[in-house]
Amino acid sequence: MSLSNDNNFNQLQLRVQFYSMPQNEWKKLRPHFPGYTSGLVKSEPGKFVMNPLYGFHAEKLYRMQPRRDDVWLLGFPKCGTTWTSELIWLLMNNCDTARASATHLIFRTPCIELPFLTSETELSPQMMNMLNAIEKMQSPRVLKSHLPFYLLHPDLLDTSKVVYIARNPKDAIVSFYHHTKLVKRHNFQGTLEEFAEYFMEDEILCSPFFPHVLDAWSKRHHPHLHFMFFEDLKKNLRGEIEKVADFLGQSPSNEQLGKITNHLRFDNLKHNDSVNNELGKRTGFMNKDGNFMRKGKTGDWKNHFGPELNSKIDKWIERNLRGSDLTFITELEQQD
Ligand code: A3P
């Protein structure tokens with residue numbers, strides 16, 4: 001079904017508007033993000049940060065009809081969404097690691113907002129085709145998005161199964177910093193300290209971080225939502241895979257579990273060309289220095305933050321989690 005044939009297309013209305021980022025904020029950000037040639041937009045309400053092309057078309061993704069047999073993976077960028085989408089795809093596809101390695105993840109678990117993540121101001125026919133291909137994908141689909149719930153179809157959680165992956169914000173900041181240096185579309189030119197400030201001020205793409213994760217946390221008892229943490233995957237990958245399998249109603253054998261646990265280990269995924277995005281270096285999407293599969297550790301922030309920045313981030317986390325029972329693990333005694 002194409003977008004315009006969706007029966008609900010004309011009935012749903014996203015009550016969120018996108019505006020250009022205020023001049024004073026954009027003036028500060030602009031020299032650090034020369035990759036954002038068409039600027040950035042923020043939503044009202046929500047203050048969700050995105051590039052303008054998405055802002056123009058936000059309604060299209062809001063109206064994207066979820067299916068009963070879909071699995072949607074949601075999460076803030078750099079919180080382990082690639083890892084988790086590979087995990088989900090394997091569970092939904094008979095743990096077929098050979099097929100997984102033969103087709104790029106982007107085609108198996110497409111990111112629904114990807115067609116809009118460019119500095120272009122018009123949606124190209126090629127991108128429109130990409131969106132329509134998602135609509136036409138064979139069931140069961142595994143779809144991924146960094147959008148918060150309120151920008152997705154209001155029936156999503158009551159219709160499809162949703163997995164939400166969260167990661168402690170300290171490692172998310174470090175990972176996102178390296179990512180924005182690696183990917184030319186961002187082309188970040190500042191220091192880690194400057195990036196962390198932008199992150200805490202909710203100016204980074206897909207910000208604000210805390211409302212994103214807290215909203216999903218508040219829905220975690222919904223029978224269609226499985227909330228999981230990057231740190232738990234690092235602690236006990238096989239145990240976490242078993243929980244996701246259970247949630248998805250899949251029963252992999254012991255042998256299959258062993259096989260996909262091995263497949264999903266960092267050192268293996270790092271060398272798996274259908275997941276590691278090394279392709280981006282050949283297509284010119286990414287710079288040559290650095291890797292999309294970077295370190296894959298919990299606690300790497302300790303190699304990046306000085307005491308002053310760390311204390312500032314601690315206070316920011318504390319302020320934002322006050323009154324909530326959500327807590328993050330920021331270091332592990334043992335990890336893969
Ligand atoms: P680092 O930059 O800290 O290494 P996303 O997929 O949401 O963009 O998240 C990317 C982060 O997940 C990166 O973190 C990446 O290395 C990490 N990652 C991906 N696969 C992983 C795996 N199998 N084990 C551990 N970390 C993994």
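Above this note sits the structure.
Residues numbered from 1 in each chain as written. Predicted model: local features only at pLDDT ≥ 70, side-chain atom pairs only at ≥ 80, totals over all residues. Heavy atoms only, no water.

**Some thoughts on the site of the ligand**
Part 1 of the argument: Around the ligand lies a shell of 18 residues, among which T81, T82, S175, K295 and G296 are the nearest.
Part 2 of the argument: Between the ligand and T82, the relevant distance is 2.5 Å, taken from an oxygen atom to a side-chain nitrogen or oxygen of the residue.
Part 3 of the argument: Within the contact set of the ligand, a nitrogen atom lies 3.1 Å away from a side-chain nitrogen or oxygen of W83.
Part 4 of the argument: Taking 580 Å² as the accessible area of the ligand by itself, protein coverage stands at 98%.
Part 5 of the argument: For the shell around the ligand, the secondary structure elements donating two or more residues are α3 (81-92) and α14 (266-269). (Near = heavy atom within 4 Å. Polar contact = N/O pair within 3.5 Å; in protein donor to acceptor, adjacent residues only side chain to side chain. Areas by Shrake-Rupley, 256 points an atom, 1.4 Å probe, with all protein chains shown as cover. Helix = DSSP H or I, 4+ residues; strand = E, 2+ residues; numbered from the N terminus.)

**Concerning the nonpolar core**
Part 1 of the argument: Counting 74 residues, the largest nonpolar core has Y54 and F209 as the members making the most contacts within it.
Part 2 of the argument: For this core, the element with the most residues is helix α9 (residues 192-200), which contributes six residues.
Part 3 of the argument: Residues contacting Y54, with those up to four places away along its chain left out, are F18, F48, L61, F116, L147 and L151.
Part 4 of the argument: With 30 residues, the next largest nonpolar core counts L90, I165, L237 and V275 among its residues. (Core = buried A, V, L, I, M, F, W, Y, C linked by side-chain atoms within 4.5 Å. Buried < 20%, exposed > 50% of the residue type's maximum accessible area, 1.4 Å probe, protein only. Contact = heavy atoms within 4.5 Å.)

**Here we look at the sheet that holds strand β3 (residues 49-50)**
By way of backbone hydrogen bonds, the strands of a sheet pair with one another, either parallel or antiparallel.
Part 1 of the argument: Reading across from one edge, β1-β2-β3 is the order of the three strands in this open sheet, with antiparallel pairing throughout. Edge strands, defined here as strands with exactly one partner in the open sheet, are β1 (17-20) and β3.
Part 2 of the argument: In this sheet, strand β2 (residues 41-44) lies alongside β1 in antiparallel orientation, the contact comprising four bridges. Residue S20 lies in a different strand from β2, and its bridge partner there is V41. (Pairing = 2+ DSSP bridges.)

Distances and angles like these do not, on their own, reveal function.
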